Structures are given as structure tokens and as C-alpha cells.
Amino acid sequence: MKILIINGPNLNLLGKREPEIYGNRTFEQFLAELQAEFPKIEIDYFQSNHEGALIDRIHEAGFSTDGIILNAGAYTHTSIALADAIAAVPAPVIEVHISNVHQREPFRHHSYLSAKCVGSIVGLGLEGYRLAASYLEVRSEK
Ligand code: CA2
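The model shown is predicted, which means the values in this text are computed figures rather than measured ones.

Peer 1: Explanation requested: the packing of aromatic side chains in the structure shown.
Peer 2: Two descriptors summarise a pair of aromatic rings, namely the distance from one centre to the other and the angle between the planes of the rings. A full pass over the atoms with the stated rule returns four aromatic pairs. Pairing Phe 27 with Tyr 45 gives two aromatic rings, centres 4.6 Å apart and planes at 25 degrees, and the pair type is stacked. Residue Phe 27 is located in helix H2 (residues 27-37), and its partner Tyr 45 is located in strand E2 (residues 42-47); the two are separated by 18 residues in the primary sequence. On the basis of relative accessible area, Tyr 45 is assigned to the partly exposed category, the value being 22%.

Put into C-alpha cells, the structure is as follows:
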């Protein structure tokens with residue numbers, strides 16, 4: 001079984017800035033833990049600050065993996081193009097947000113992506129990625 005975690009713009013700064021919102025671990029540290037915890041899943045990781053690069057990766061992984069965990073960062077709230085990419089691929093996509101976007105500014109309350117995703121996990125910190133991986137593992141066994 002193979003999944004891809006995709007992080008969007010500014011998430012390369014995780015663990016380096018704004019720890020009160022996003023925590024103090026880098027994603028690379030967290031990913032190593034996740035890979036150890038799910039030995040049956042090949043977990044790949046991609047981060048980009050560029051919308052087109054995110055779309056290209058969704059197209060690739062959407063036809064070659066058992067699922068995508070996507071935190072599209074601020075593109076969540078702006079990108080019809082990303083929503084179209086999610087809708088165009090057969091792999092299930094789980095939307096994850098580290099912070100509780102509904103407790104933040106009103107412009108973060110709407111996601112163009114949610115309706116195209118299998119489900120969304122928000123506000124549970126990095127734990128959201130773990131829960132999404134667990135869901136995809138259970139789903140692939142059905
Ligand atoms: O809560 C999330 O996961 C977000 O997707 C994070 C985005 C934000 O625009 C979304 O509304 C919610 C921002 C990512 C910025 O990441 C940083 C991480 C560390 C330091 C600075 C920014």
C-alpha cells in the first residue's frame with residue numbers, strides 16, 4: 001500500500017515559526033515517526049509553495065497511490081484549480097489542517113477542496129495526518 005502526503009505553501013516552515021499555532025516539530029521529524037508507525041504503508045511526502053506543482057503531484061499520485069493526504073495551506077481557501085485536480089483523480093483525498101480553521105479568520109472558514117475530498121480533519125495538529133493515514137489503511141483493507 002502506498003500513500004502520498006502533500007503539504008502546500010509555507011508548510012516548509014513548520015517547527016521553525018509560529019509554534020503557538022503550528023507546534024514545534026518539523027514535518028520531517030513527524031514523518032519519520034509516522035513511517036515507523038505504519039510499516040505496511042509506503043508513505044511518500046511532497047511539499048511545494050507553488051499551486052501548479054501541487055496540481056501536477058495530485059495528477060501523478062492520484063493514479064498511482066491508494067490515497068493522498070492533502071494540506072493545501074492557504075490554497076484551500078482560494079483554489080478552484082486544486083479542487084478540480086482532486087475531483088479528476090480516482091485516489092481518495094483526505095483534507096487535513098493543523099489548526100482549527102473555523103476558530104480563525106472568516107476567510108479560512110471556506111474550503112474549495114472539502115466537497116471534492118473523502119473527508120476533512122481540522123484542528124488536531126499533526127495528529128490529523130496520523131488519523132488520515134490510519135483511515136486510508138483501513139479503507140484499503142476493505
Ligand atoms: O492549519 C493549517 O494546516 C492551514 O492549512 C495552514 C495554512 C493556512 O493558510 C490555512 O488556513 C490552515 C498556513 C500554513 C503556514 O504554515 C506555517 C507553518 C509554520 C510557520 C509559519 C507558517
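Peer 1: Sorry, what's going on with the side chain of His 77 here?
Peer 2: Structurally, the position occupied by His 77 is in the loop between strand E3 (68-71) and helix H4 (80-88). Residue classification places His 77 among the buried residues on the basis of a relative accessible area of 13%. The residues contacting His 77, other than those within four sequence positions of it, are Val 101, Phe 107, Arg 108, His 110 and Tyr 112.

About the cut-offs
- Residues numbered from 1 in each chain as written.
- Predicted model: local features only at pLDDT ≥ 70, side-chain atom pairs only at ≥ 80, totals over all residues.
- Heavy atoms only, no water.
- Phe/Tyr/Trp six-rings, centres within 6.5 Å; stacked < 30°, edge-to-face > 60°.
- Helix = DSSP H or I, 4+ residues; strand = E, 2+ residues; numbered from the N terminus.
- Buried < 20%, exposed > 50% of the residue type's maximum accessible area, 1.4 Å probe, protein only.
- Contact = heavy atoms within 4.5 Å.

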